[in-house]
Structure formats: structure tokens, C-alpha cells
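The chain contents come next:
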Amino acid sequence: MKAFLEALYAELEDESIGTRKMLALVPADKGDWKPHAKSMTLKELGEHVADLPTWVTLAFTTDELDFVVNPYNPQECNGGEELVAYFDKNIAEAKSHFAKNNDGILDETWSLKNGDEIYMQITKYETIRHAYGQMIHHRAQLGVYLRLLNIPIPGVYGPSADEMGL
């Protein structure tokens, strides 16, 4: 059986492939578009997806993220090329921490908070899995945005309807 870090590394690599394909399609000229008044803009959503691997790095390098001390400000990106470059930088940084650690780190506690308000207090394993879940969730959301803009979307776990000519 694989060690947990080895399995988590492989999962990050697998999920990054489909995420990279989706980010590449974000048009720079549609950055302000959003499907609903309460939704993020396409630009904000793309930046969030491209930034999510930093949460894996945070799990390895910190015991918490406190928004009072470190406000959430992903790098500004305009369009697919910049989003992919930012995502690739963040994926490389996240992957670099797997070899430096062992499975023991995964049992340590990690917290997400805003000053005295604690949003989550979970293990570092759960933090990494949460980051993956967020990446998958928001990548799918990005796919819906692209579909609503009539941009053919790529398959992630198999061919998409666009790739199959449907």
C-alpha cells in the first residue's frame, strides 16, 4: 500500500491535469462576466481555482491561516495563459513539500480562522483533502461558467460532450 503522502501527491498530479485544461480556456475579455449577481466573476473564480494549491502548501508549512493576519488575496491574472502559469507555480510549490515530509505531519492540527472566529480545526490530512475538494468543486463551477459562455469544455475524467461531438 502507498504511504498517505505518496497517494496524496498522485491525486494532486491527477487533478491538476483537468484543472489546467479548464483554466486555459478562460478568456481575458470575459473576466467581469458572472452568471448571477451573487456569483463570483469569471476572473475571480479562475484566480481562486489557480490559487487553491497554495492551501496544500499552507498545510505543510503552517498550523493555521488567520484572515486577520493574512487576508486572502490571490494573484491577479488575466485570462487562461496567466491563470495556467499561476496554477503551475502553485502546483510546483505544493508538490515540493511532499518529499520533505512524512506521513506523521498529516495528524497535526491545522486551523482556518478569522481572528477569534474558528472556521475549521482539522488535521493537516483533512486540510489537504479539503483543498483538493475545493479545487474539484470550483473547477466544475468554472466548467459551468464556460459552458454558459458557449466555450467548448474539455473532459476531465473522460471525454466531454464537446469532445465527443455531441
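The following paragraphs examine the structure supplied in this document. (Residues numbered from 1 in each chain as written. Predicted model: local features only at pLDDT ≥ 70, side-chain atom pairs only at ≥ 80, totals over all residues. Heavy atoms only, no water.)

This next bit is on the overall build of the protein chain. Within the protein chain, the secondary structure is distributed over five helices and three strands. Counted from the first residue to the last, the protein chain has its helices and strands arranged as α-α-α-β-α-β-β-α. The C-alpha atoms of the protein chain give a radius of gyration of 17 Å, which matches the 15 Å a tight globule of 166 residues would have. With respect to the three principal axes, the spread of C-alpha positions in the protein chain is 45 × 40 × 20 Å. Burial status across the protein chain gives 42% buried among its 166 residues. In the protein chain, of all internal contacts separated by at least 6 residues, the share reaching a separation of at least 24 is 73%. Surface summary for the protein chain: the accessible area is close to 8900 Å², and the carbon and sulfur share equals 53%. With 15 positive and 26 negative side-chain charges, the protein chain shows a spacing of 4 Å between the two charge centroids. (Helix = DSSP H or I, 4+ residues; strand = E, 2+ residues; numbered from the N terminus. Rg over C-alpha atoms; globule rule 2.2 N^0.38 Å. Buried < 20%, exposed > 50% of the residue type's maximum accessible area, 1.4 Å probe, protein only. Contact = heavy atoms within 4.5 Å. Areas by Shrake-Rupley, 256 points an atom, 1.4 Å probe, with all protein chains shown as cover. Lys, Arg positive; Asp, Glu negative; His and termini not counted. Charge placed at Lys NZ, Arg CZ, Asp CG, Glu CD.)

This brings us to the environment of Val-156. Counting through the fold element by element, Val-156 comes out in the segment after helix H5 (124-148). Sequence-wise, Val-156 and Ala-3 are 153 residues apart; in three dimensions their C-alpha atoms are separated by 26 Å.

Further remarks concern the packing of aromatic side chains. Counted according to the given criterion, the structure contains seven aromatic pairs. Look at Trp-55 and Trp-110: their rings are 6.2 Å apart centre to centre, the planes differ by 55 degrees, and that puts the pair in the tilted class. Placement of Trp-55 in helix H3 (residues 53-61) and of Trp-110 in strand E2 (residues 109-114) is noted, with a sequence separation of 55 residues between them. Assigned by exposure class, Trp-55 and Trp-110 land together as buried. (Phe/Tyr/Trp six-rings, centres within 6.5 Å; stacked < 30°, edge-to-face > 60°.)

A few words on the pattern of salt bridges. Tallied over the full model, the rule gives ten salt bridges. Of the charged contacts in the structure, one is a salt bridge between Arg-129 and Glu-11, with a shortest N-O distance of 2.7 Å. Taken together, the positions of Arg-129 in helix H5 and Glu-11 in helix H1 (residues 4-24) put the pair 118 residues apart, joining distant regions of the chain. The network of salt bridges with common partners includes Lys-43, Glu-47 and Glu-76. (Salt bridge = Lys/Arg side-chain N within 4 Å of Asp/Glu carboxyl O.)

It is worth spelling out the packing of helix H2 (residues 42-51) against H5 at this point. Pairs of packed helices are described in terms of their axes, by the angle between the two and the distance that separates them. Relative orientation of the contacting elements H2 and H5 amounts to 150 degrees, with a least axis distance of 9 Å. Classified by the angle their axes make, H2 and H5 are roughly antiparallel. The element H2 and its partner H5 pack so that their crossing is left-handed. Contacts between H2 and H5 involve Leu-42, Leu-45, His-48 and Val-49 from the first element and Gln-134, His-138, Arg-139, Gln-141, Leu-142 and Tyr-145 from the second. Here the residues of the contact of H2 with H5 are counted per class, giving five nonpolar, four polar and one charged. (Axes fitted to C-alpha atoms, helices over the stretch in contact; angles between N-to-C directions. Parallel < 35°, antiparallel > 145°, perpendicular 65-115°, else oblique. Left-handed = near helix turned anticlockwise from the far one by under 90°. Nonpolar A, V, L, I, M, F, W, Y, C, P; charged D, E, K, R; others polar.)

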